[in-house]
Amino acid sequence: MFAPGGVTRANYRLLDQDIQSLGAQALADRQSTLERSFLLQGITFTVYGAGNTTERIIPTDLFPRIIPAAEWSMIETGLIQRLKALNLFLADIYGDQRIIADGIIPRDLVLGSPAYRRQMQYLFVPHGAYANVCGSDLIRGQDGNFFVLEDNLRVPSGVSYMLANRDASRRTFPHTFREAGVRPVERYPDLLLSTLKSMADEARANAQIVVLTPGVYNAAYYEHAYLARLMGVPLVEGRDLTVHDNRVYMRTTDGLQRVDVIYRRVDDDFIDPLAFRRDSSLGVAGLFNAYRAGQVTICNAPGTGVADDKAVYAYVPSIIRYYLDEAAILPNVKTFLCREPAQLSHVLANLDKLVVKAVGASGGYGMLVGPHASRAERETFAEALKADPENYVAQPTIQLSTAPCLVDGRMEPRHVDLRPFILSGEKVVVTPGALTRVALRRGSLVVNSSQGGGSKDTWVLTGDPGGQTEP
Amino acid sequence: MMLARVADSLYWLGRYAERAEHMARLSAVMLNAATDRTDAADQAARIALASIGDPAPAAEAMDAARVLVLDRESTASVVASLASARENARQVRDQITSESWERLNILYLRTTVANAESAFTTDAPDFLQRIIADLHQFKGAAEATMSHGDGWRFMLTGVYIERAQLIARLLNVCFGDSEDAVDDHVALVSLLRMACALEPYLRVYTADINARCILEFLMFDEDFPRSIRFSTHRIQECLTQLSGGRDVGRHDPSRIAGRLNARLTYADIDEVESGGAGALLTAVSAECEAIHGAIRETFVAYPLEMRLPA
């Protein structure tokens, strides 16, 4: 927000005036109004404790993060390029596997990934769009450049927070919002709906789209209901669906009705007890066979996780070059594959400087932030590394950029990342906005909501005030 | 067309919201009557508790009310009903408008916070009054913002089935046995209050409060929204629209509802009074059960092989 010397950067100048004229008390009031409105709307996640369960809101910060147009346009083209390449990669992996034959990526690394689904081999996916909804995590390093930290191609969540945060920031800073020229994010639900429609069998007129949720006890249930409501399509659970003669039906008050496209918010493993995990009660028996038979489309396709695997990640720049013959617009963070002996010894020697992640884990679990860990923690982790090197990757600790947040009535810098949402069906579209995740503890670099992270709105501007970039 | 599970949840949402309101009102009237140390006050408490199937009145009206309102273990209590109503609403969050959801959610959050118990102890009448007012707001917001299509009809059917049963049970406790019918003035006024019927009753019958008129009003009045006949009329109306033009099979709930409504439409208070109201009131409860079962059979838990599209 501030340039060196304490001068407010051009894109934050309007907001700064707003903040100054409001004063601390008014800001604190608005913050509590906002939190109450989230609670009332039920934008909550459930914390299961001993004996009682409580609902908490995801902490939300009032101040929007602001990204000028030129910078966004680079992010946008970079994300489109990346998702196109990843979809081509998925089509290839679940097809002839040329990229493996050509020696670009090791066979065991891909086929040995826990997210690889052999059931998907040679299965037709409309438009080659395997990952229809993608939420990539971007970070900005100290040099000011954006990097991709992670691609989320399975069942990425958080888009409802992007929309709810927008509602809130628009109410909090109406004046600045109007003056600044902020690009709208509100079209996300109808863009999602057209993406899903484009995945339906062309022969089926008026395709029936549904959102499949694990149910009301899922942490992201609010989001599932929210998207279904805004798209105007039924929110179904596994028990509402049934498969007959390789066709999927939902049980309505009018009898059974055919379903064409399922936007599923249930993990691969749980969508069909016959094809994947047999103990799953969240899915629909026979669903995968109906999918294989081309009678229904599942979005995202099962098995997309092989392309956001933390080890495959290291190869994404090569993947982009291989399929598109282009250099990656958004760079990766330097990644050491512990499966390579030379890289492993480098990682072991530099554990105090690196972040080490388990390949299969997500949500900030199974990870060591070297500089913040104790000697004992590092030693324990080193043993785990040596025992199972294939399961780990390591990256330099990146000092995430910070953004001003309202903490205890004061403005304080907190580390943030950026999760834009990319849709891919017949076309690839990026919604001009994102979820900015915030590490609420001072100095913390972990932004995951399961680990004390919060979020804030992200304004993508129509122009470039003063031609400057975001701090 | 709507999901069977959604229809079921909306139906139960209606039932639980109605139950919560009724229980809150019973408790409020009971506490109000208890401020007099008379036999009639005890009788009011007995009526309230007996009507919800609690035969052993607690020693103190306040203790009885506390259980009725706050006991989460008892499925009939106000907070348990509110929690169930809200849980059903959450299941179908995509089907009800934000306006109605927020009303219900506010109410749920307010009655389940840690200090709800002390709020009740400090000022029980106010606590209960606010619950009732909030439920009216919820129903009002739903009426004003939701589409009055099938989902709405399922919810309304739930409201009126619950209401018909609750009122029938209340009247059955008071007048079911003609030997032992309630005739004390204070107790009769409490009864009208429990049915939220005092003011509308007075406008029809003036301040002449007697068992015969109360029975006539709460069973047969065409216009009073808490009379049994008004409820059965609505149930029939909703179910006729819901099964209209559909192959609903052999358990058509609108047929049972129509039969019940006809019985109330053409009944005669003299006949009822001479033969004892108990038989008809018991029949109302039983027929409501039958309608409930038929709704499940027809719209929710039907056998799949019968209902594949052509």
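Please read these numbers as outputs of a predicted model, since none were measured by experiment. (Residues numbered from 1 in each chain as written. Chains lettered and ligands numbered in written order. Predicted model: local features only at pLDDT ≥ 70, side-chain atom pairs only at ≥ 80, totals over all residues. Heavy atoms only, no water.)

(A) Spotlight on the overall build of chain A. Along chain A, the regular secondary structure elements total 12 helices and 25 strands. For a compact globule of 471 residues, the expected C-alpha radius of gyration is about 23 Å, and chain A comes in at 23 Å, within 12% of that figure. In terms of principal-axis extent, the alpha carbons of chain A reach across some 65 × 60 × 55 Å. When burial is assessed residue by residue, chain A has 58% of its 471 residues classed as buried. Summarising the internal contacts of chain A: among those between residues at least 6 apart in sequence, 68% fall at separations of at least 24. For chain A, the accessible surface area stands at approximately 18,900 Å², while carbon and sulfur atoms represent 50% of it. Side chains of chain A carry 49 positive and 51 negative charges; the gap between the two charge centres is 2 Å. (Helix = DSSP H or I, 4+ residues; strand = E, 2+ residues; numbered from the N terminus. Rg over C-alpha atoms; globule rule 2.2 N^0.38 Å. Buried < 20%, exposed > 50% of the residue type's maximum accessible area, 1.4 Å probe, protein only. Contact = heavy atoms within 4.5 Å. Areas by Shrake-Rupley, 256 points an atom, 1.4 Å probe, with all protein chains shown as cover. Lys, Arg positive; Asp, Glu negative; His and termini not counted. Charge placed at Lys NZ, Arg CZ, Asp CG, Glu CD.)

(B) Spatial organisation of the pairing of strand β13 (residues 255–258) of chain A. Residue and element names in this part refer to chain A. In terms of strand pairing, strand β12 (residues 247–252) meets β13 through 4 bridges, oriented antiparallel. Bridge assignment links R251 to a residue of β13, and that residue is L256. Hairpin connection of β12 to β13: 2 residues between the antiparallel strands. (Pairing = 2+ DSSP bridges.)

(C) How the structure looks around the pairing of β12(A). All names here are of chain A. Where strand β11 (residues 241–244) lies against β12, 4 bridges are found, and the strand directions are antiparallel. When the bridges of β12 are listed, T242 appears paired with Y249. The antiparallel hairpin formed by β11 and β12 contains 2 residues in its connecting segment, where D245 sits at a positive phi of about 55 degrees.

(D) Local environment of the pattern of salt bridges. According to the stated counting rule, one finds 43 salt bridges over all chains in the structure shown. Between D190(A) and R187(A) there is a salt bridge whose closest N-O contact spans 3.1 Å. Residue R437(A) pairs with D417(A) through a salt bridge whose shortest N-O separation is 3.1 Å. One end of the pair, R437(A), is in strand β24 (residues 435–439); the other, D417(A), is in strand β21 (residues 410–419), and 20 residues separate them in sequence. Ionic contacts of the salt-bridge type, sharing partners, join the residues E18(B), E21(B), R25(B), K139(B), R163(B) and R226(B) into one network. (Salt bridge = Lys/Arg side-chain N within 4 Å of Asp/Glu carboxyl O.)

(E) Examining the sheet that holds strand β14 (residues 261–264) of chain A more closely. Residue and element names in this part refer to chain A. As summarised here, the arrangement of the 4 strands in space is β10-β9-β14-β15, forming an open sheet in which the pairing is parallel. In this open sheet, the two edge strands, each paired with only one partner strand, are β10 (235–236) and β15 (297–299). Inspection of the sheet shows strand β9 (residues 209–212) paired to β14 by 4 bridges, in the parallel sense. By the bridge assignment for β14, V210 is matched with I262.

(F) Spotlight on the interface of chain A and chain B. With 30 residues of chain A at the contact, the number on the chain B side is 31 residues. Together chain A and chain B conceal approximately 2,900 Å² of surface at their shared face, both sides included; 52% is due to carbon and sulfur atoms. Our count for the contact surface shared by chain A and chain B stands at 2 salt bridges. Here E237(A) makes a salt bridge to R5(B), at a shortest N to O gap of 3.4 Å. Elements supplying a minimum of two residues to the side of chain A that touches chain B: α1 (13–41), α8 (221–231), β10, β11, β12 and β13 of chain A. Considering only residue class, the side of chain A that touches chain B consists of 14 nonpolar, 9 polar and 7 charged. (Buried area = accessible area lost by both parts, 1.4 Å probe. Nonpolar A, V, L, I, M, F, W, Y, C, P; charged D, E, K, R; others polar.)

(G) Local environment of the nonpolar core. Ranked by size, the top nonpolar core spans 234 residues in total, and within it F89(A), Y188(A) and L171(B) carry the most contacts. Per-element accounting of this core gives the leading share, 16 residues, to helix α1 (residues 4–34) of chain B. Among the nonpolar cores identified, the runner-up in size contains 15 residues, and V347(A), L354(A), V356(A) and F381(A) belong to it. (Core = buried A, V, L, I, M, F, W, Y, C linked by side-chain atoms within 4.5 Å.)

(H) Local environment of the packing of α1(B) against helix α8 (residues 150–175) of chain B. All names here are of chain B. In the contact formed by α1 and α8, the axes pass within 7 Å of each other and the chain directions differ by 35 degrees. Crossing geometry of α1 relative to α8 is assigned as right-handed. Taking contact as the criterion, the partners of A7, L10, Y11, L13, G14, R15, E18, R19, H22, M23 and L26 in α1 are, on α8, G151, F154, M155, T157, G158, V159, I161, E162, R163, Q165, L166 and L170. Within the contact of α1 with α8, the residues separate by chemical class into 12 nonpolar, 6 polar and 5 charged. (Axes fitted to C-alpha atoms, helices over the stretch in contact; angles between N-to-C directions. Left-handed = near helix turned anticlockwise from the far one by under 90°.)

(I) Spatial organisation of unusual backbone geometry. Across the junction of C299(A) and N300(A), the peptide omega takes the value -15 degrees, indicating a cis bond. Among the structural elements, N300(A) can be located in the loop between β15 and α10 (316–324). Notably, Y122(A) is not glycine yet its phi reads approximately 60 degrees, a positive angle. As for its placement among the helices and strands, Y122(A) is situated in the loop between α4 (107–111) and β6 (133–135). Look at Y122(A) and you get exposed, because its relative accessible area is 57%. Positive phi, normally seen in glycine, also occurs at C196(B), with a value near 55 degrees. Among the secondary structure elements, C196(B) is positioned in the loop between α9 (185–194) and α10 (198–205).

(J) Quick look at the environment of L461(A). Residue and element names in this part refer to chain A. Tracing the sequence through the fold places L461 in the segment after β25 (453–460). Taking the relative accessible area as the measure of exposure, L461 reaches 3% and is therefore buried. Sequence-wise, L461 and V236 are 225 residues apart; in three dimensions their C-alpha atoms are separated by 37 Å. Excluding its chain neighbours within four sequence positions, the residues that come into contact with L461 are N11, I66, I67, P68, A69, A180, G181, V182 and R183.

(K) Fine view of the confidence of the model for chain B. Confidence in the prediction for chain B averages 90 pLDDT; 96% of positions are at 70 or higher. Interface scoring of the predicted complex returns ipTM 0.84; its pTM is 0.89. (pLDDT = per-residue confidence, 0-100.)

(L) Quick look at the sheet that holds β11(A). Residues and elements named next belong to chain A. With antiparallel pairing, the 3 strands of this open sheet are ordered in space as β11-β12-β13. Either end of the sheet is taken by a strand with one partner, and the two such strands are β11 and β13. Adjacent strand axes in the sheet meet at a mean angle of 40 degrees when their direction is disregarded.

(M) Spatial organisation of the confidence of the model for chain A. Across chain A, the average pLDDT comes to 89, with 93% of residues at 70 or higher. Model confidence for chain A, summarised as mean pLDDT per element, is weakest for strand β1 (residues 2–3) of chain A at 63 and strongest for β14(A) at 98.

(N) Broad picture of the side chain of D61(A). All names here are of chain A. Among the secondary structure elements, D61 is positioned in strand β5 (residues 60–67). In this structure the side chain of D61 is engaged in a polar contact, spanning 3.2 Å, whose partner is the backbone nitrogen of F63. A polar atom in the side chain of D61 sits 2.7 Å from the backbone nitrogen of L406. If sequence neighbours within four positions are ignored, D61 has contacts with Q31, P404, C405, L406, S455 and K456. (Polar contact = N/O pair within 3.5 Å; in protein donor to acceptor, adjacent residues only side chain to side chain.)

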